[in-house]
Amino acid sequence: MAIREQESRKRKKMDASGLTSFFQEIAFRHPLEQITFLCIGTDRSTGDALGPLTGSRLLEHGFLHVSGTLPSPCDADNLEARIAEIPEGQVIIAIDACLGPPASLGYFLTAAEPLLPAQSVGLMLPAVGHYSLAAIVDVNGPRPYRTLQSTPLNRVMVMAGQIALAAAAGFGMDARKAFQE
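Residues numbered from 1 in each chain as written. Predicted model: local features only at pLDDT ≥ 70, side-chain atom pairs only at ≥ 80, totals over all residues. Heavy atoms only, no water.

Peer 1: Explain the overall build of the protein here, please?
Peer 2: From N to C terminus, the protein includes 5 helices and 6 strands. Reading the helices (α) and strands (β) of the protein from amino to carboxyl end gives β-α-β-α-β-α-β-β-β-α-α. Burial analysis of the protein (181 residues in total) assigns 53% to the buried set. Contacts in the protein between residues at least 24 apart in sequence constitute 75% of all its contacts with a sequence separation of at least 6. For the protein, the exposed surface amounts to about 8,700 Å²; the carbon and sulfur share of it is 54%. (Helix = DSSP H or I, 4+ residues; strand = E, 2+ residues; numbered from the N terminus. Buried < 20%, exposed > 50% of the residue type's maximum accessible area, 1.4 Å probe, protein only. Contact = heavy atoms within 4.5 Å. Areas by Shrake-Rupley, 256 points an atom, 1.4 Å probe, with all protein chains shown as cover.)

Here is the structure:
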């Protein structure tokens, strides 16, 4: 789980329709082969499964450099090792779930700066990403772990799909590829 909404003025809050332009801006600056998606989270918590779900969907769309999928999550236990596996010179787009205020539920926070994974649950992990996308999957409250455990899976799956579709559109990839086979 990433940053909270109020912690950075550089972050843009947007709905799913704005994500394509976020990815288009990145694609304009960097070739696709230089991009690595770092999808942070665990499949053991519905709210925090956004990262691995997104990573798996990105692979379905044909992205080659993805770390953090359902079969091989990138979580708090292996984040530093996963970062070390990314070849030098790659541009990292970090994707994570976060909690936020009720009015922001279902929105996304994007930035041309790193995010701090697990900050909302009190862990100190390294900042990661040249670009970041945090999906507000549920409402911030006094028990963030419990909130993540009880976050509706459908909401998380829909948001993961929205991110992957927007990335495919933003990088000019054929969105139909995910539905072939």
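On we go from here.
Peer 1: How should helix H1 (residues 16-29) be read in this particular structure?
Peer 2: Owing to its 3.6 residues per turn, the α-helix brings residues three or four apart onto one side. Residues of H1 that are buried include every one of Gly18, Leu19, Phe22, Phe23 and Ile26, and no others. Looking straight down H1, one finds its buried side chains confined to an arc of 145°; they lie on one side. Exposed positions of H1 whose direction lies more than 90 degrees from the buried face are Ser17 and Phe28. Check the buried side of H1 and you find it contacts strand S1 (12-14), strand S2 (35-39), strand S4 (91-100), strand S5 (108-111), strand S6 (131-139) and helix H5 (153-170). (Arc of directions from axis to C-beta.)

Peer 1: Would you mind showing me how to read the nonpolar core here?
Peer 2: The nonpolar side chains of a soluble globular protein tend to be buried, and buried together. Phe23, Phe37 and Leu50 are the most contacted members of the largest nonpolar core, which has 35 residues in total. Among the elements of the structure, H1, S2, helix H2 (50-60), S4, S6 and H5 are those that each provide at least two residues to this core. It is H5 that provides the largest number of residues to this core, a total of 8 residues. Look past the residues within four positions of Leu50 in its chain and what remains in contact with it is Ile95, Asp96, Ala97, Ala135, Val137, Val156, Met159, Ala160 and Ile163. If you look at the next biggest cluster of nonpolar residues, it comprises 11 residues, including Leu79, Ala94, Leu125 and Val128. (Core = buried A, V, L, I, M, F, W, Y, C linked by side-chain atoms within 4.5 Å.)

Peer 1: How should the packing of aromatic side chains be read in this particular structure?
Peer 2: With the rule as written, the count across this model stands at 6 aromatic pairs. Taken together, a centroid distance of 5.2 Å and an interplanar angle of 65° make the contact between Phe22 and Phe23 edge-to-face. No difference in accessibility class separates Phe22 from Phe23, as the two residues are buried. Each ring, one from Phe37 and one from Phe171, has its centre 6.3 Å from the other, and the planes form 75°; the classification is edge-to-face. One end of the pair, Phe37, is in strand S2; the other, Phe171, is in the segment after H5, and 134 residues separate them in sequence. With a relative accessible area of 13%, Phe171 lands in the buried category. Here a set of aromatic residues connected by ring pairs shows up, and it is made of Phe22, Phe23, Phe37, Phe63 and Phe171. Above the face of the Tyr107 ring, Lys13 is positioned so that its terminal group lies 4.7 Å from the ring centre. (Phe/Tyr/Trp six-rings, centres within 6.5 Å; stacked < 30°, edge-to-face > 60°. Lys NZ or Arg CZ within 6 Å of the ring centre and 35° of its normal.)

Peer 1: Hey, could you run me through the layout of surface pockets in this one?
Peer 2: Any empty space left between atoms is shown by rolling a water-sized probe over those atoms. Empty space within the largest pocket amounts to approximately 330 Å³. The wall of the largest pocket is formed by 20 residues, among which Thr42, Asp48, Asp75, Ala76 and Tyr145 lie closest to the centre. Here the element with the most residues in the lining of the largest pocket is helix H4 (residues 144-149); it accounts for 3 residues. Residues that form the lining of the largest pocket fall into these classes: 11 nonpolar, 4 polar and 5 charged. Taken as a whole, the second largest pocket spans an internal volume of roughly 170 Å³. Surrounding the second largest pocket, Lys10, Lys12, Met14, Ser21, Phe22, Glu25, Ile26, Arg29, Thr110, Ala111, Ala112 and Tyr131 form its lining. Among the secondary structure elements, those contributing two or more residues to the lining of the second largest pocket are S1, H1 and S5. The biggest single contributor to the lining of the second largest pocket is H1, with 5 residues. (1 Å grid on protein atoms, 1.4 Å probe; cavity = no way out; pocket = protein on both sides within 12 Å on 5 of 7 lines; lining within 4 Å. Points joined across faces, edges and corners; volume = space filled by probe spheres on them. Nonpolar A, V, L, I, M, F, W, Y, C, P; charged D, E, K, R; others polar.)

Peer 1: Sorry if this is basic, but what is going on with the sheet that holds S1 here?
Peer 2: Adjacent strands of a sheet pair through backbone hydrogen bonds, lying either parallel or antiparallel. Reading across from one edge, S1-S5-S6-S4-S2-S3 is the order of the 6 strands in this open sheet, with mixed pairing throughout. Each having just a single partner strand, S1 and strand S3 (66-67) make up the two edges of the open sheet. Pairing of S2 with S4 involves 5 bridges; the strand directions are parallel. Across the sheet, the residue bridging to Thr36 is Ile92, located in S4. Packing of H1 onto the sheet brings it into contact with S1, S2, S4, S5 and S6, and relative to S6 it is tilted by some 165°. Against the sheet, H5 makes contact with S2, S4, S5 and S6, and its axis sits at roughly 160° relative to S6, the strand it touches most. (Pairing = 2+ DSSP bridges. Axes fitted to C-alpha atoms, helices over the stretch in contact; angles between N-to-C directions.)

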